[in-house]
Amino acid sequence: MDAVNTTRTPAPRAMRAFAWSGTQKAVLLAVLAYSVYVIAQMDLSWARLSTGVHQGARFLGRMVPPDLSKMDVLWEGIRETLQIAVLATFAGVALSLPVGLLAARNMVPGYVRTAARGLIAVCRSLHPVITAILFVKAVGFGPLAGILALVVATVGFVGKLFADAIEEISPKQIEAVRATGASFANVVLFGVLPQVMGRFVGFATYQLDSNLRNSTMVGIVGAGGIGGALFSAFLRFEYSFVCTILATVIAIIVVGEIVVNATRKALHV
Amino acid sequence: MTPSLHAGSLHIQQLVKEYRPGVPVLKSIDLRIDGTGLTSIIGPSGTGKSTLIRCINRLVDPTAGQIWLDVAGERLDMAQLHGRALRRSRRHIGMVFQEYNLVERLTVMENLLTGRLGYLSAWKAWRRKFPAEDFERAYQLLDVIGLGSFAHQRADALSGGQRQRVGIARALMQQPAILLADEPTSSLDPKTSVEIIQLLREQGRERGIPVIVNIHDVELARRHSDRIVGMTGGHVVYDGPPAGLTDAHLQTIYGGQAWMQ
Amino acid sequence: MSSPALLPGAAAAPRQWQRFSLGQRLLRYAVTLLIVWAVVQSARTVEVIPEFLADAPEQMVDMLQRMWPVDWSHYPAVVHAALVETLHMATLGTLLSLALAIPLGLLVAGNVTRNRALNLAARVVLVASRSVNSLVWALLFVAIFGPGPLAGMFAIAFRSVGFVGKLLGEAIEQAPRGPIEALQAAGASTSAQIWYGYWPQVKPAFWSVVLLRWDINVRESGVLGLVGAGGIGVALDTALNLFQWTQVAVILIAVFAVVVLAELVVTQVRKRVL
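None of the values given here were measured: they were computed from a predicted structure.

Trainee: Explain the overall build of chain C to me, please; I cannot follow it from the model alone.
Mentor: When you go through chain C residue by residue, the secondary structure sums to 10 helices and zero strands. Along its sequence from the N terminus, chain C presents helices and strands in the succession α-α-α-α-α-α-α-α-α-α. Its C-alpha atoms give chain C a radius of gyration of 28 Å, more than 25% over the compact-globule value 19 Å for 274 residues. Each of the three principal axes of chain C carries a C-alpha extent, and together these read 95 × 75 × 40 Å. Across the 274 residues that make up chain C, the buried fraction comes to 39%. Counted over contacts in chain C with a minimum sequence separation of 6, partners at least 24 positions apart contribute 72%.

Here is the structure:
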């Protein structure tokens, strides 16, 4: 009756559940080694960390209670920030419509598409702060540079998404509109736009939110908005004012998010 | 119903189409279609029926040959037209598609109005400022096709048969000189297919325009056409009344050696 | 099926077609009005000098001219090391953020943490982290740690916590309940449920988010140096302040190249692993 093997052998390694494979272990090791290496490069010692934490605590101490005496400066900056966000989104979205159309494979010949896609790629790759700096050098300090910088960022983001959306539409619907003798513009109006308008509005509202965030900091490089006031407060060690500004910025962004989400729900996008 | 303003006639001469060089799908087609009446083009898959129909309104560009369209006293070679002239002449050719090709997110009414886009500037089209007669005609057509209460429904809320009716109505909104249909019944059930083909035939008669239909179902073609054109291997092998279509002809068209090459 | 004959004397009331219902039209008017008001208000009061706007194309052409020819020798001298430092900042910063993002993600997910107060607290922390720009975080950390890539790394880390934590929380909330319930029924502890139940399901989404954030962080790290937080931004700031436009040009090209490279890497990893 000895069908059952009474001696117990340990389960072979390969069959142990949830064990990490060789590759996974190697990757983890590599990540740890890399982290140690980089931390050494950055000269991060325990001493430095502890000083830092100490400093951080002092910092927080200086930030609280927040300085409420300079509300007019604050208000000026916030107003400019909102202006930059609104104008940049409006102009950028308006530009993204034609640029996106020109960057769609099914709308234009190959070389036009490549050129448009190239433009969009360049717009996307440059950080808005960098474009803000370039525009400051080109058109001077002030909100104009900020607006132009964010227009570029908008075209890069919305333009790409819009072009991708157009490339995904059904060609059959367009074919039928063409067969009636409609002009290119009419084909776009009745064949293309109904299919992509919903998504386009979605992209535009998302970009409004993103531009709102970005407009709070282009001022650091002189392109207008609350960022300028923030930067000078730092330079003057007025940390309690920094706290006020940060709190306001966070509040605006949160409110902005809520408003944008509500609008999207209301318009069903 | 008032007949179409300009009834047209079609004269295809030596039409050739090669999708790949040296491999012609249409091998020198000669065809003359005028008057009223529904002409069915039958033949096995791949024999160029759809290509032939699409060459007429240049959704496909022919490789060689002429496509003469007589309309409004003018004689145009569709094969040679480009740009604006091509768009102008497309206004006179109505087309019905196998998969209806309605703009799904637009309403039935807007889909009908699409048929008049060839006559409207982009600015007016964006604001939907179509002339009053267009709206009138649209409502009348909706009544004719039995979808009077569907004007505000979105196109994607309709059944297949309903969508095809809207497709036909859209084509008729153009007040076309000829009406083309590329396998209008292939996506529909048998009963609806009969209704659609009858609708096409009636509307052609009432407006006094020729209707050219591409069709798979031979019985359907036989029972509802005024003329049958049988194609195989890129050639026309039968051209005559349905009554004259014998089994021998069908053998040539569907069972013969030619289409297997 | 011919059209119905009109009875004599019947008033043929022209049927009106309206594209939008009354409610829809009101809503559209309201939204359009709001947009127009916002734009006009902003345009009227924003301090833009029209001459500068008109001047802009000329100025930009001038700037581009000054960037030519590109100073390639600057690359091995300064730019390369700075780029490497930037990449380190971005990578380590992303990794570091995971230490906070994972627990916060677990705390904000309604199905893992039942305590509503904790959910809310975690959400507030995540929102705060997201709403403050990495540039502003960099300012903060430069004031705390002093200038250098350390500040930049912490800035990246603190900014990324909000992003990764929020998306991780959403992924956890969308995980199907089945396997979790099975584990609960078998008597598994909470940590076991998380490790064996939730983690395998959110893994693909998690790594996808981390990869995306790394890509964004490479871009962000490039500019932190402008406020002294290390990386290529420092070189850019120096070159700009010294009006060395040809050096600026090579820096911009290098940054562009790195961003494109990072995107390629991300696409490849996505294809193969996710």
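After that view, the rundown keeps rolling.
Trainee: Could you clarify how one ought to interpret the overall build of chain A in this entry?
Mentor: Along the backbone of chain A there are 10 helices and zero strands. Listed N to C, the secondary structure of chain A is α-α-α-α-α-α-α-α-α-α in terms of helices and strands. In summary, chain A has a C-alpha radius of gyration of 27 Å against a globular reference of 18 Å for 269 residues, an excess of more than 25%. Projected onto the principal axes, the alpha-carbon positions of chain A cover approximately 85 × 70 × 35 Å. The proportion of buried residues among the 269 residues of chain A is 44%. Long-range pairs, those at least 24 residues apart, make up 72% of the contacts in chain A between residues at least 6 apart in sequence.

Trainee: Please clarify how the sheet that holds strand E9 (residues 227–232) of chain B should be interpreted in this entry.
Mentor: All names here are of chain B. As summarised here, the arrangement of the six strands in space is E6-E7-E8-E3-E9-E10, forming an open sheet in which the pairing is mixed. Edge positions in the open sheet fall to strand E6 (93–96) and strand E10 (235–240), since each of these has one partner strand only. Each neighbouring strand pair of the sheet contributes to a mean axis angle of 20 degrees, computed without reference to strand direction. Together, E6 and strand E7 (178–182) form the strand contacts of helix H6 (residues 160–173), whose direction differs from that of E6 by roughly 175 degrees.

Trainee: Even after reading the chapter, I still don't get helix H1 (residues 22–45) of chain C, so can you show me in this structure?
Mentor: For the α-helix, the turn length of 3.6 residues means that residues three or four positions removed from each other point alike. For H1(C), built from 24 residues, the straight-helix expectation of 34 Å at 1.5 Å per residue is met to within 8% by its first-to-last C-alpha distance of 34 Å. With one of 24 residues buried, H1(C) is to be regarded as a mostly surface element.

Trainee: Honestly, the sheet that holds strand E4 (residues 64–71) of chain B in this entry has me stumped. Any pointers?
Mentor: The strands that make up a sheet pair up through hydrogen bonds in the backbone, lying either parallel or antiparallel. All names here are of chain B. Pairing within the open sheet is antiparallel, and its four strands lie in the order E2-E1-E4-E5. Every interior strand has two partners, whereas the edge strands, strand E2 (23–33) and strand E5 (74–77), have only one. Averaged over neighbouring strand pairs, the angle between their axes works out to 20 degrees when direction is ignored. In the sheet, strand E1 (residues 9–20) pairs with E4 via six bridges, with the strands oriented antiparallel. Each bridged residue has a counterpart across the sheet, and for His11 the counterpart in E4 is Trp68.

Trainee: Just checking my understanding: could you explain the environment of B:Asn111 for this structure?
Mentor: Residues and elements named next belong to chain B. For Asn111, the location among the structural elements is in helix H3 (residues 108–114). Sequence separation of Asn111 and Asn101 is 10 residues, and the distance between their C-alpha atoms is 9.9 Å. Contacts of Asn111, omitting those with residues within four sequence positions, involve Leu102, Val103, Leu106, Ala155, Val166 and Arg170.

Trainee: What am I meant to see in the interface of chain C and chain A here?
Mentor: Interfaces are often sized by the amount of accessible area the parts lose when they come together. At the junction of the two partners, chain C supplies 42 residues and chain A supplies 38 residues. At the level of elements, H1, helix H2 (50–66), helix H3 (74–108), helix H4 (116–131), helix H5 (134–145), helix H6 (149–173), helix H8 (190–224) and helix H10 (245–273) of chain C are the ones that each hand at least two residues to the side of chain C that touches chain A. Of the residues in the side of chain C that touches chain A, the class split is 31 nonpolar, seven polar and four charged.

Trainee: Mind showing me how you'd approach the nonpolar core here?
Mentor: Inside soluble globular proteins, nonpolar side chains tend to come together where they are buried. Of all hydrophobic cores here, the largest spans 220 residues; its most connected members are C:Ala138, C:Phe141 and C:Ile251. In terms of residues, this core owes the most to one element, helix H6 (residues 143–167) of chain A, which gives 17 residues. When near neighbours in sequence (up to four residues on either side) are disregarded, C:Phe141 contacts C:Ala151, C:Phe154, C:Ala155 and C:Ala229.

Trainee: Mind showing me how you'd approach the packing of helix H2 (residues 46–63) of chain A against helix H10 (residues 239–266) of chain A here?
Mentor: Two quantities define a packed helix pair, namely the angle between the axes and the distance from one axis to the other. Residue and element names in this part refer to chain A. Where H2 meets H10, the axes come as close as 7 Å, and the angle between the chain directions of the two elements is 75 degrees. Comparing their axes, H10 and H2 come out roughly perpendicular. On H10, the residues that touch Phe59, Arg62 and Met63 of H2 are Tyr239, Ser240, Val242 and Cys243. Taken together, the residues of the contact of H2 with H10 break down into five nonpolar, one polar and one charged.

Trainee: In this structure, what is going on with the pairing of E2(B)? I would like to understand it.
Mentor: Along a regular strand, successive side chains alternate from one face of the sheet to the other. Residues and elements named next belong to chain B. Alignment of E1 against E2, held across eight bridges, turns out to be antiparallel. When the sheet's bridge partners are listed, His11 is paired in E2 with Arg32. Count of turn residues in the E1/E2 antiparallel hairpin: two residues, of which Gly22 carries a positive phi of about 85 degrees.

Trainee: Would you explain the packing of helix H4 (residues 110–125) of chain A against H6(A) in this entry?
Mentor: All names here are of chain A. Here H4 crosses H6 at 125 degrees, and the two axes come no closer than 7 Å. By the angle between their axes, H4 is oblique relative to H6. Between H4 and H6 lies a crossing of left-handed hand. Counted together, Ile120, Cys123 and Arg124 of H4 and Val152, Ala153, Val155, Gly156, Phe157, Gly159 and Lys160 of H6 form the full contact between these two elements. Along the lines of polarity and charge, the residues of the contact of H4 with H6 split into six nonpolar, two polar and two charged.

Trainee: Honestly, the domain arrangement of chain A in this entry has me stumped. Any pointers?
Mentor: Segmenting chain A into domains produces domain 1 (20–49) and domain 2 (71–266). When each unit is reduced to the centre of its C-alpha atoms, the spacing between domain 1 of chain A and domain 2 of chain A is 38 Å.

Trainee: In this structure, what is going on with the confidence of the model for chain C? I would like to understand it.
Mentor: Residues and elements named next belong to chain C. Mean pLDDT over chain C: 86, with 95% of residues reaching 70 or higher. Overall, residues 1–11 carries pLDDT values under 50, and its contacts beyond four positions in sequence, including any with other chains, amount to 10 contacts. For this predicted complex, the interface confidence reaches an ipTM of 0.86, while the overall pTM sits at 0.80.

Trainee: Help me understand unusual backbone geometry, please; the structure alone is not making it clear to me.
Mentor: Glycine aside, a negative phi is what most residues show, and trans is what most peptide bonds show. Between A:Val64 and A:Pro65 the backbone carries a cis peptide bond, its omega angle lying at 0 degrees. Residue C:Pro69 is reached from C:Trp68 by a cis peptide bond, and omega for that bond is 0 degrees. Structurally, C:Pro69 can be placed in the loop between H2 and H3. Phi is positive for B:Ala72, which is not a glycine, with a value near 50 degrees. Examined against the element boundaries, B:Ala72 turns out to sit in the loop between E4 and E5.

Trainee: Please explain the confidence of the model for chain A as it appears in this structure.
Mentor: When pLDDT is low, close inspection of the predicted coordinates is not appropriate. Confidence in the prediction for chain A averages 86 pLDDT; 93% of positions are at 70 or higher. Per-element averaging of pLDDT across chain A places H2(A) at the bottom with 83 and H6(A) at the top with 93.

Trainee: I would appreciate a short explanation of the pairing of E9(B) in the present structure.
Mentor: Residues and elements named next belong to chain B. Among the six residues of E9, five are classified as buried, and the element is accordingly described as predominantly covered. By the bridge criterion, four bridges tie strand E3 (residues 37–42) to E9 in an arrangement that is parallel. Looking across to E9, one finds that Ser40 is bridged to Ile228. Linking two consecutive strands that pair antiparallel, namely E9 and E10, is a turn of two residues; a positive phi of about 55 degrees is found at Gly233 within it.

Reading the values: the criteria
- Residues numbered from 1 in each chain as written.
- Chains lettered and ligands numbered in written order.
- Predicted model: local features only at pLDDT ≥ 70, side-chain atom pairs only at ≥ 80, totals over all residues.
- Helix = DSSP H or I, 4+ residues; strand = E, 2+ residues; numbered from the N terminus.
- Rg over C-alpha atoms; globule rule 2.2 N^0.38 Å.
- Buried ≥ 20, exposed ≤ 12 C-beta atoms within 10 Å, placed from the backbone.
- Contact = placed C-beta atoms within 7 Å.
- Pairing = 2+ DSSP bridges.
- Axes fitted to C-alpha atoms, helices over the stretch in contact; angles between N-to-C directions.
- Expected span 1.5 Å × (residues − 1).
- Nonpolar A, V, L, I, M, F, W, Y, C, P; charged D, E, K, R; others polar.
- Core = buried A, V, L, I, M, F, W, Y, C linked by C-beta atoms within 7 Å.
- Parallel < 35°, antiparallel > 145°, perpendicular 65-115°, else oblique.
- Left-handed = near helix turned anticlockwise from the far one by under 90°.
- Domains from an automatic or database assignment.
- pLDDT = per-residue confidence, 0-100.

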